[in-house]
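Working through the structure, step by step
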Amino acid sequence: MNSETFHKLHKILVANHGLQSTQEFGSIEALGMFLWACGHKQCMRQVKERLRRALGTVSHKFGEVLRAMVSFADTVIMPKDPTYSTVHPALRTYSPLFDGCIGAIDGTHVPVCVSRRSHDDYLNRKGWPSQNVLAVVDFDMRFTFIGVGMAGAVHDMAVLREGWTARTFPHPPPGWFP
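Definitions and cut-offs
Residues numbered from 1 in each chain as written. Predicted model: local features only at pLDDT ≥ 70, side-chain atom pairs only at ≥ 80, totals over all residues. Heavy atoms only, no water. Helix = DSSP H or I, 4+ residues; strand = E, 2+ residues; numbered from the N terminus. Rg over C-alpha atoms; globule rule 2.2 N^0.38 Å. Buried < 20%, exposed > 50% of the residue type's maximum accessible area, 1.4 Å probe, protein only. Contact = heavy atoms within 4.5 Å. Areas by Shrake-Rupley, 256 points an atom, 1.4 Å probe, with all protein chains shown as cover. Axes fitted to C-alpha atoms, helices over the stretch in contact; angles between N-to-C directions. Parallel < 35°, antiparallel > 145°, perpendicular 65-115°, else oblique. Disulfide = S-S within 2.5 Å. Expected span 1.5 Å × (residues − 1). Salt bridge = Lys/Arg side-chain N within 4 Å of Asp/Glu carboxyl O. pLDDT = per-residue confidence, 0-100.

**Observations regarding the overall build of the chain**
A count of helices and strands for the chain gives six helices and three strands. When the helices and strands of the chain are read in sequence order from the N terminus, they spell out α-α-α-α-β-α-β-β-α. Computed over the C-alpha atoms, the radius of gyration of the chain is 20 Å, more than 25% above the 16 Å expected from 2.2 N^0.38 for a compact globule of 178 residues. Expressed along its principal axes, the backbone C-alpha trace of the chain runs to roughly 60 × 40 × 25 Å. Looking at the chain as a whole, 27% of its 178 residues qualify as buried. Across the chain, every contact between residues at least 6 apart in sequence was considered, and the portion connecting residues at least 24 apart equals 53%. For the chain, the exposed surface amounts to about 12100 Å²; the carbon and sulfur share of it is 57%.

**A short note on the environment of Pro174**
Structurally, the position occupied by Pro174 is in the segment after helix 6 (156-164). On a C-alpha basis, the gap between Pro174 and Tyr84 in space is 9.9 Å, while along the polypeptide they are 90 residues apart.

**Things to note about the packing of helix 2 (residues 27-39) against helix 4 (residues 55-76)**
Put simply, helix 2 and helix 4 touch, their axes get as near as 9 Å, and they point 90° apart. Taken together, the axis directions place helix 2 and helix 4 in an arrangement best described as roughly perpendicular. In this structure, helix 2 uses Ala30, Leu31, Met33, Phe34, Ala37 and Cys38 to contact helix 4, whose residues at the interface are Val58, Lys61, Phe62, Val65, Leu66 and Met69.

**Some thoughts on the state of the cysteines**
The tally for this structure, following the rule as stated, stands at zero disulfides. Not engaged in a disulfide, the cysteine Cys38 finds its nearest cysteine sulfur in Cys43; these two sulfurs lie 12 Å apart. Owing to a relative accessible area of 44%, Cys38 belongs among the partly exposed residues under this scheme. Cys43 carries a free sulfur, and the closest cysteine sulfur to it, the one in Cys113, is 10 Å from it.

**Looking at helix 4**
Here helix 4 is 22 residues long and its end C-alpha atoms lie 31 Å apart, about the 32 Å a rise of 1.5 Å per residue gives. Within the span of helix 4, buried status applies to Val58, Lys61, Phe62, Gly63, Val65, Ala68 and Met69. Looking at the buried positions of helix 4, the neighbouring elements they touch are helix 1 (3-16), helix 2 and helix 3 (44-51).

**Regarding the pattern of salt bridges**
One pass over the structure, following the stated rule, counts seven salt bridges. Residues Glu29 and Arg53 are paired through a salt bridge, measuring 2.7 Å at the closest nitrogen-oxygen approach. Here Arg53 lies in the loop between helix 3 and helix 4 and Glu29 lies in helix 2, a separation of 24 residues in the sequence. Its relative accessible area of 29% is what places Glu29 among the partly exposed residues. The class of Arg53 is partly exposed, set by a relative accessible area of 23%. One salt bridge in this structure joins Glu49 and Lys48, with 3.0 Å as the shortest N-O distance. You can call Glu49 exposed: its relative accessible area is 54%. A cluster of three or more residues bridged by salt bridges with shared partners is formed by Asp138, Asp140 and Arg142.

**Re the confidence of the model for the chain**
Scored by pLDDT, the chain has a mean of 89; 98% of the residues are at 70 or more. When mean pLDDT is taken per element in the chain, helix 1 scores highest with 95 and helix 5 (residues 119-122) scores lowest with 88.

The structure is reproduced here in structure tokens:
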């Protein structure tokens, strides 16, 4: 991420999503820590050593930035036209067959490290611990929904059901599909 993008993101998170500085941790440092930890797969102990901060402080500030990022994602990852009042130009050739179609949906598994107690719940059908991720994209390949958090052992239909009950899940226009 370049410096200009970093500072724009910081400004948005502070102004609109509740990211704040404290006496011991500035909001710029907190965002930098968060992006470094996520981008380079660093654990909290590695962040603690790099920043020379207490583990509890690092963990707490990471959680604050994560909450701000989730709030930001809720404003960015959404349909361009939530009412789906028009048919996408790429589908007009196929009208009326794809009228009401709002995009594509797919899921994947992301590897995770979990406690021994939860390990079996997260084992997917391939035998490794994972978390389900459900994503919906529109016809311009923009994400309109991302659902995460369900254990890898959960059936795909359960993941879909959980997703479509979410407040932000993009549903087709009324009358098109159930």
